[in-house]
Amino acid sequence: MDNSCFYYGVNTADGVHSGIFDPENVKRLFVVKGGSPELKDKIFIELSEELLQKDIENELLFSFENCSGINCVEEKILIADEKFLKENKIKNAEKIIDLNEVFSEKIPRELLHIYEKEYIKKIARCNRFLSAADSVKKDAMRIDAKSVNVGSVVNYSSKLWKKLGAEMQGSIGKETKKFVSCITPDGAELNMKAFDACDRLAVIVDKTGAVSTMIIDRLRRYALGSGYDVVSCICSLDGKTVEHIIVPELSFGAFSSEHYHRILPKKERRVFASRFHTKDSELYKNRINFSLKAYRSLMNEAFDSLIGAQAEERKINYIFDSIVDVYDAVTEIIESI
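Just so it is clear, the model here is predicted, and its values are computed rather than measured.

The rules behind these values
Residues numbered from 1 in each chain as written. Predicted model: local features only at pLDDT ≥ 70, side-chain atom pairs only at ≥ 80, totals over all residues. Heavy atoms only, no water. Helix = DSSP H or I, 4+ residues; strand = E, 2+ residues; numbered from the N terminus. Rg over C-alpha atoms; globule rule 2.2 N^0.38 Å. Buried < 20%, exposed > 50% of the residue type's maximum accessible area, 1.4 Å probe, protein only. Contact = heavy atoms within 4.5 Å. Areas by Shrake-Rupley, 256 points an atom, 1.4 Å probe, with all protein chains shown as cover. pLDDT = per-residue confidence, 0-100. Patch = residues over 30% accessible without salt bridge, like charges linked within 9 Å, V, L, I, M, F, W, Y side chains within 5 Å. Salt bridge = Lys/Arg side-chain N within 4 Å of Asp/Glu carboxyl O. Lys, Arg positive; Asp, Glu negative; His and termini not counted. Charge placed at Lys NZ, Arg CZ, Asp CG, Glu CD. Pairing = 2+ DSSP bridges. Axes fitted to C-alpha atoms, helices over the stretch in contact; angles between N-to-C directions. Phe/Tyr/Trp six-rings, centres within 6.5 Å; stacked < 30°, edge-to-face > 60°.

## Examining the overall build of the protein chain
- Tallying secondary structure elements over the protein chain gives eight helices and 15 strands in all.
- Relative to the compact-globule value of 20 Å for 337 residues, the protein chain shows a C-alpha radius of gyration of 22 Å, a close match.
- Per-residue burial for the protein chain yields a buried fraction of 50% across its 337 residues.
- Across the protein chain, contacts joining residues at least 24 apart in sequence account for 78% of those joining residues at least 6 apart.
- When the accessible area of the protein chain is evaluated, it comes to approximately 17,000 Å², of which 49% is carbon and sulfur surface.

## Focus on the confidence of the model for the protein chain
- Across the protein chain, pLDDT averages 87, with 93% of residues at or above 70.
- Confidence, expressed as mean pLDDT per element, reaches its minimum in the protein chain at helix 8 (residues 326-336) with 70 and its maximum at helix 6 (residues 210-226) with 95.

## Section: a negative patch on the surface
- Together, Asp55, Glu57, Glu74 and Glu75 line one region of the surface with negative charge.
- By the element assignment, glutamate 74 lies in the loop between strand 5 (67-72) and strand 6 (77-81).

## Details of the sheet that holds strand 14 (residues 252-257)
- Sheet architecture is open: six strands sit in the order 8-12-13-14-11-15, paired in mixed fashion. Both edges of this open sheet fall to strand 8 (175-178) and strand 15 (270-272), since each of them pairs with a single strand only. Strand after strand, the sheet turns through a mean of 25 degrees between neighbouring axes, direction not considered.
- Sheet analysis places strand 11 (residues 200-205) next to strand 15, joined by three bridges and oriented parallel.

## Here we look at the environment of arginine 218
- With respect to the helices and strands, the residue arginine 218 is situated in helix 6.
- Distance from arginine 218 to glutamate 243, taken between C-alpha atoms, is 12 Å for residues 25 residues apart in sequence.
- If near-sequence neighbours (up to four positions away) are discounted, arginine 218 is found in contact with Val154 and Ser157.

## Observations regarding the packing of aromatic side chains
- Tallied over the entire structure, the rule returns five aromatic pairs.
- Relative to phenylalanine 276, the ring of tyrosine 156 lies with its centre 5.4 Å away and its plane at 65 degrees, an arrangement referred to as edge-to-face. Placement of the pair is tyrosine 156 in helix 5 (residues 150-163) and phenylalanine 276 in the loop between strand 15 and helix 7 (281-321), with a sequence separation of 120 residues. Per residue, the accessibility class of tyrosine 156 equals that of phenylalanine 276, and both read buried.
- An angle of 35 degrees between the planes, with centres 6.3 Å apart, marks the rings of tryptophan 161 and tyrosine 222 as tilted. A residue pair is termed long-range when its members are at least 10 positions apart, and tryptophan 161 in helix 5 and tyrosine 222 in helix 6 qualify at 61 residues.
- For tryptophan 161, a relative accessible area of 10% gives the class buried.
- On the basis of relative accessible area, tyrosine 222 is assigned to the partly exposed category, the value being 23%.
- Put simply, the rings of Trp161, Tyr222 and Tyr228 touch in pairs and so form one group of aromatic residues.

## Considerations on the sheet that holds strand 3 (residues 28-33)
- Here five strands make up an open sheet; going across it, the order is 4-5-6-3-7 and the pairing mixed. Unpaired on one side and paired on the other, strand 4 (59-62) and strand 7 (95-98) mark the two borders of the sheet. Neighbour-to-neighbour, the strand axes of this sheet turn through a mean angle of 20 degrees, independent of strand direction.
- In this structure, strand 4 lies alongside strand 5, joined through four bridges in antiparallel fashion. Across the sheet, phenylalanine 62 pairs through a bridge with cysteine 67, a residue of strand 5.
- The sheet strands contacting helix 1 (residues 37-53) are strand 3, strand 4, strand 5 and strand 6, and the helix crosses strand 5 at an angle near 20 degrees.

Right under this line is the structure:
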């Protein structure tokens, strides 16, 4: 499956989350810190080409706009931007390359410190609003779930799985977690290209995600229990909830079309969440609509914070663009690795 369809690092309510979930996939870790986003982007791309010339297969890892690292699958080597790694992973790094130290004699340290400090403040503000938005969203889902006919959800999920004609494989499938959506300064971005491999795509149109989460979770467990590998697409807001799934071997996917990324793939059969609700759903309608309105307002504040952070990144880019010879930097980093 084409991994370029997925995001490696995304902003979530708990801070930045990395797309590398399985520690067994990484035996050697090299961390690149400091510098500017543009410089690291160029370094990773140049480094990837150099590794290919040395017959080391690798794939570039992307956030919403920049390259964030390189993953050498066979060698189990990860070369990644520091900001997309948790502190406990960085401690286990084989080598940490600090670009601020590499170019310490050329950069105006005080000015760079100011820009980096402002960037951190903007990201922290974004995370606070994302955390609040996540709480509001979960509350809306909790309220909406009160009027869901669980029996109807179970019947639909079971019938849909049987229609796929998937035979038991006599083993347990492997789950791979990835991000197909990403919170950006321009809003919540969703890469629908990831679903191009699905000949059959079940689309659940659900305002809060309460029903679609139940259906997709059951389909995920059916697939894993039957021995099929599953790509679980994680919510980019909380970094935990499985929003969509792809079962490559069956060319099947299940997609949740919610209010914050209401994209409806063409020529696909859709099922609306309303069919799984009881008449009690009318009692909660106004409260849910109020929660979703508050959610949109909080998310807009988060987007504004990211726009501010992006402006600080441009200032940092300008500092390094004027002093750095990318080729020399890449050569030095390759030699150090």
